[in-house]
Amino acid sequence: MNGLELHKLAARLYPICRSITGPGVRETLAILQETIPLTVESVPSGTPVFDWVVPNEWTVREAWLADRKGNRLVDFKNHNLHLLNYSEPFCGIVSRADLDAHLFSLPDQPDAIPYRTSYYRKEWGFCLTENQRASLTESEYEVSIDTELTAGVFNYGELLIPGRVQDEILISTHICHPSLANDNLSGIVVALETARRLLATPPNYSVRFVFVPGTIGAITWLARNQTKLSSIHHALVLTGLGVGNTFHYKQSRSGNAAIDRVTAHVLQTSGSRYQIEPFVPYGYDERQYNSPGILLDAGCLTRAPYGTYPEYHTSLDNLHFLQAEALEESTELVGSVITALGARQTFRNRFPFGEPQLGKRGLYAANPAENLTFLWILNLSDGTNSLDDIAARSGISLADLEVAARRLLDAGLIETAADFPCESAVNK
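What comes next is a walk through the structure.

Rules behind the numbers
- Residues numbered from 1 in each chain as written.
- Predicted model: local features only at pLDDT ≥ 70, side-chain atom pairs only at ≥ 80, totals over all residues.
- Heavy atoms only, no water.
- Helix = DSSP H or I, 4+ residues; strand = E, 2+ residues; numbered from the N terminus.
- Buried < 20%, exposed > 50% of the residue type's maximum accessible area, 1.4 Å probe, protein only.
- Contact = heavy atoms within 4.5 Å.
- Areas by Shrake-Rupley, 256 points an atom, 1.4 Å probe, with all protein chains shown as cover.
- Lys, Arg positive; Asp, Glu negative; His and termini not counted.
- Charge placed at Lys NZ, Arg CZ, Asp CG, Glu CD.
- Pairing = 2+ DSSP bridges.
- Axes fitted to C-alpha atoms, helices over the stretch in contact; angles between N-to-C directions.
- Parallel < 35°, antiparallel > 145°, perpendicular 65-115°, else oblique.
- Disulfide = S-S within 2.5 Å.
- Salt bridge = Lys/Arg side-chain N within 4 Å of Asp/Glu carboxyl O.

**Some words on the overall build of the chain**
Stage number 1. For the chain, the helix and strand inventory stands at 12 helices and 19 strands.
Stage number 2. Across its three principal axes, the chain shows a C-alpha extent of roughly 90 × 40 × 35 Å.
Stage number 3. Looking at the chain residue by residue over its 428 residues, the buried ones come to 56%.
Stage number 4. A fraction of 80% describes how many contacts in the chain between residues 6 or more apart in sequence connect residues 24 or more apart.
Stage number 5. Here the chain displays about 17,800 Å² of accessible surface, and carbon together with sulfur accounts for 50% of that area.
Stage number 6. One way to put it: in the chain the 35 positive side-chain charges average out to a point 4 Å from where the 48 negative ones average out.

Below is the structure:
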């Protein structure tokens, strides 16, 4: 899919009311399953996950605020940001003074609806523009919030694309936000298209994609998959990739992991504007993957860091704000990072005494340049040189070296060697 097609997919997903649980998450994952063979996992409410507990499932039927004549002034069906996300049910007549504590608006952005949540505390409320709030001048209003918080399930999506080796790259993106385009429909569609392309052209590394609700989703996935973590050598969180002309890469906790070095190199050679930022234990799910008991060396790639643009977590983060060109550029860059990480893999020549005979394996070519590509790989495959090292030494493009390495692997002339170890507490 090109940028326009990715934007079209985002437009299809945009109206869905997503949260950390509920039918909106399942509907979103079902749409993604139309493109990639995503496995949808269900975790019962009340399941302990490290220091957290999987919450009850939230369902919304309707929610509105009306004057005493029955005129609906704020209505969930007009924009799902109008309802405080995870609002508990409430119906009744409320005085204007009491209502005020349940209203959320932005005085400095009078035409924007804010995005607010109440996941872990009991509360009901409406989000509205400051102009709407100022128009509420009557003494009483009718409130109807028909929601349900019941024992149900928590859902997330997962896909493992096998590579030529079992070592993995983890790509994670959050799927819990309702009608917010850049944060994070952009991350969802970029991850989806990246997965689709890798299914068509298998990578060197295996790549695991997880589409999870923010915070509790990453924590739940980690708690349920501790035995898989030793295979994950690199991790990258994708979010906010649909606007702006500058890429922002937030480093892993170590600041010098392979994902940090490779992403920095890809950005340097991409021709795009970029900034490299140090790790802080706040932001998106990279903070979960970098927690001291996990340490998966996770970076975060975005084009608009959280809280740094006026549209952030408001109704202004809409489809008009989302840029098709940015979505396409972001997908290309993520693919380049995955390719470059695969190129960091090292190989060993299985026939190191002299050069092996290419002809009897159907590899000898009439084109001398093709044969030279094979010979460079064979000569430098001593377990210490990666493909990008060989590219730098030989002047041969990384793309040509990757094709040749696949053929040499298939012919049994080289084998994979140890990769950069993950400095993970799980591995230790």
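**Let's talk about the sheet that holds strand E15 (residues 273-277)**
Stage number 1. Ordered by their spatial adjacency, eight strands build an open sheet running E1-E10-E12-E11-E13-E16-E14-E15, and the pairing between neighbours is mixed. What marks the edges here is a single partner per strand, and that holds for strand E1 (39-44) and E15. Pairwise comparison of adjacent strand axes, ignoring direction, gives a mean angle of 20° for this sheet.
Stage number 2. Across three bridges, the pairing between strand E14 (residues 246-250) and strand E16 (residues 298-302) is antiparallel. The residue bridging His-248 from the neighbouring strand is Thr-302, located in E16.
Stage number 3. Each of E1, strand E10 (153-161) and strand E12 (206-212) touches helix H2 (residues 23-33); the most contacted strand, E10, lies at about 20° to it.

**Some details on the packing of helix H10 (residues 368-380) against helix H12 (residues 398-410)**
Stage number 1. Running from N to C, H10 and H12 cross one another at 70°; their axes reach a closest spacing of 9 Å. Overall, the two elements H10 and H12 adopt an arrangement that is roughly perpendicular. On the side of H10, the interface is formed by Glu-370, Thr-373, Phe-374, Ile-377 and Leu-378, while H12 contributes Asp-400, Leu-401, Ala-404, Ala-405, Arg-407 and Leu-408.

**Observations concerning the state of the cysteines**
Stage number 1. This structure, assessed with the given rule, holds zero disulfides.
Stage number 2. In this structure Cys-17 is not part of a disulfide, and its nearest cysteine sulfur, from Cys-127, lies 11 Å away.
Stage number 3. Unpaired in this structure, Cys-91 has its nearest cysteine sulfur neighbour in Cys-17, at a distance of 17 Å.
Stage number 4. With relative accessibility at 57%, the residue Cys-91 sits in the exposed group.

**Considerations on the pairing of E15**
Stage number 1. In this sheet, E15 lies alongside E14 in parallel orientation, the contact comprising five bridges. The residue of E15 that forms the bridge with His-248 is Gln-275.

**A closer look at the environment of His-82**
Stage number 1. Along the polypeptide, His-82 turns up in the loop between strand E5 (72-75) and strand E6 (90-95).
Stage number 2. Classification of His-82 as buried rests on a relative accessible area of 6%.

**Notes on the pattern of salt bridges**
Stage number 1. Inspection of the entire model under this criterion finds 20 salt bridges.
Stage number 2. Across the pair Arg-121 and Glu-123 runs a salt bridge whose closest N-O atoms are separated by 2.8 Å.
Stage number 3. Relative accessible area serves as the criterion here: at 46%, Arg-121 is assigned to the partly exposed category.
Stage number 4. Among the ionic pairs, Arg-208 bridges to Glu-158, the shortest N-O distance being 2.7 Å. Of this pair, Arg-208 sits in strand E12 while Glu-158 sits in strand E10, and the two are 50 residues apart along the sequence.
Stage number 5. Residue Arg-208 is classed as buried on the basis of its relative accessible area, which comes to 7%.
Stage number 6. Each of Glu-158, Glu-168, Arg-208 and Lys-228 takes part in a single network of salt bridges with overlapping partners.

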